[in-house]
Amino acid sequence: RLRLLLLGADGGEEDGTGKVWRDERWLQSNQLNEHNALDYFALSEWYDNTCLTSFFNMQTRVTGAKMDRQYLANIEGIDYEVSHAAHNRLFVVDKVRRQKDPKDGAVRQVRVCSYYILDGWVYQCPNLQQLLDAKIQL
């Protein structure tokens, strides 16, 4: 199952598989865990500040109310979520696009891209085509 999670989707996302990111200062003052992995990822160059997660965080700060992220499941737009966490060392962050199905009006979620955080280092997951191309070149 983990292997499938690590494959990025073919969503037209800019190829950032050759990049890596880490914030030493943040890691020195925080213990990375499943509750703050998304906050850490939000500091990276891959994070889209116009996403639903940013909107949610801003609303929570402004209102001071404890809000449930579940309500975002029915809102259209780009969002990020931690889809897998293992031993406070590995976290998989999915960038997803939610959009309404024109037929029934239900909100559908499509994974655009996946990223992983391993021991504080953030990487973009390669998509299936990139993996196949790499295998063919070997």
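Here the structure is shown first, and the text comes after it.
This report concerns the structure included in the present document. (Residues numbered from 1 in each chain as written. Predicted model: local features only at pLDDT ≥ 70, side-chain atom pairs only at ≥ 80, totals over all residues. Heavy atoms only, no water.)

## What about the nonpolar core?
Here is the rule: Here, nonpolar core means buried Ala, Val, Leu, Ile, Met, Phe, Trp, Tyr and Cys residues that are tied together by side-chain atoms lying within 4.5 Å of each other. We call a residue buried when its accessible area falls under 20% of the maximum for its residue type, exposed when it is over 50%, and partly exposed in between, using a 1.4 Å probe and counting protein chains only. Under the DSSP-based scheme used, a helix requires at least four consecutive residues in state H or I and a strand at least two consecutive residues in state E, with every element numbered from the N terminus. Whether two residues touch is decided by their heavy atoms; if any such pair falls within 4.5 Å, the residues are in contact.
If you look at the biggest cluster of nonpolar residues, it comprises 20 residues, and the most contacted ones within it are L32, Y40, F41, Y80 and I117. Sorting the residues of this core by element identifies α2 (24-29), α3 (37-41), β2 (77-86), β3 (90-100) and β4 (107-118) as the ones contributing at least two each. In this structure, Y40 is in contact with W21, R22, D23, W26, L27, L32, I117, G120 and V122, ignoring residues within four places of it in sequence.

## With respect to the sheet that holds strand β1 (residues 20-21)
Test applied: Strand pairing requires that DSSP identify at least two bridges connecting the strands. Axes, fitted as lines to C-alpha atoms, cover a helix only where it is in contact. Angles between the N-to-C directions of the axes lie from 0 to 180 degrees.
The five strands lie next to each other as β1-β5-β4-β3-β2, forming an open sheet whose pairing is antiparallel. Looking along the sheet, the strands with just one partner apiece sit at the ends: β1 and β2. Bridge count for β2 against β3 is nine bridges, and the pairing is antiparallel. Bridging from a neighbouring strand, V82 pairs with V93 of β3. The strands that helix α4 (residues 52-63) touches are β2 and β3; relative to β2, the one it contacts most, it runs at about 90°.

## Overview of the pattern of salt bridges
Put simply, the rule reads: We count a salt bridge whenever a side-chain nitrogen from Lys or Arg sits within 4 Å of a carboxyl oxygen from Asp or Glu.
For the structure shown, the criterion picks out seven salt bridges. One salt bridge connects E81 with R98, and the closest N-O pair in it is separated by 3.4 Å. Here the residue E81 occupies a position in strand β2, and R98 occupies one in strand β3, the gap between them amounting to 17 residues. Linking D104 and R108 is a salt bridge whose minimum nitrogen-to-oxygen distance equals 2.8 Å.

## Some words on α4
The periodicity of an α-helix, 3.6 residues per turn, causes residues three or four places apart in sequence to face the same way. We apply this condition: A helix is expected to span 1.5 Å for every residue after the first.
Taking 1.5 Å of rise per residue, twelve residues should cover 16 Å, and α4 covers 16 Å from first to last C-alpha, within 8% of that figure. Those residues of α4 that are buried are in contact with α3, β2 and β3. Two residues or fewer after α4 comes G64, characterised by a positive phi angle close to 75°.

## Re unusual backbone geometry
Backbone geometry places N88, a non-glycine residue, at a positive phi of 55°. Looking at where N88 falls in the secondary structure, it is placed in the loop between β2 and β3. Since its relative accessible area comes to 41%, N88 is described here as partly exposed.

## With respect to the packing of aromatic side chains
Selection rule: Ring pairs shown here join Phe, Tyr and Trp side chains whose ring centres sit within 6.5 Å, with only the six-membered ring taken for Trp; geometry is labelled stacked below 30 degrees between planes, edge-to-face above 60, and tilted in between.
The tally for this structure, following the rule as stated, stands at eight aromatic pairs. By way of ring pairs, the aromatic residues F41, W46, Y47, Y80 and Y115 are connected into one cluster.

## Structural notes on the pairing of β4
Bridge count for β3 against β4 is eleven bridges, and the pairing is antiparallel. In the strand pairing of β4, K100 is matched with V107. Taking the residues between adjacent antiparallel strands as the criterion, β3 and β4 are bridged by six residues, where G105 takes a positive phi near 80°.

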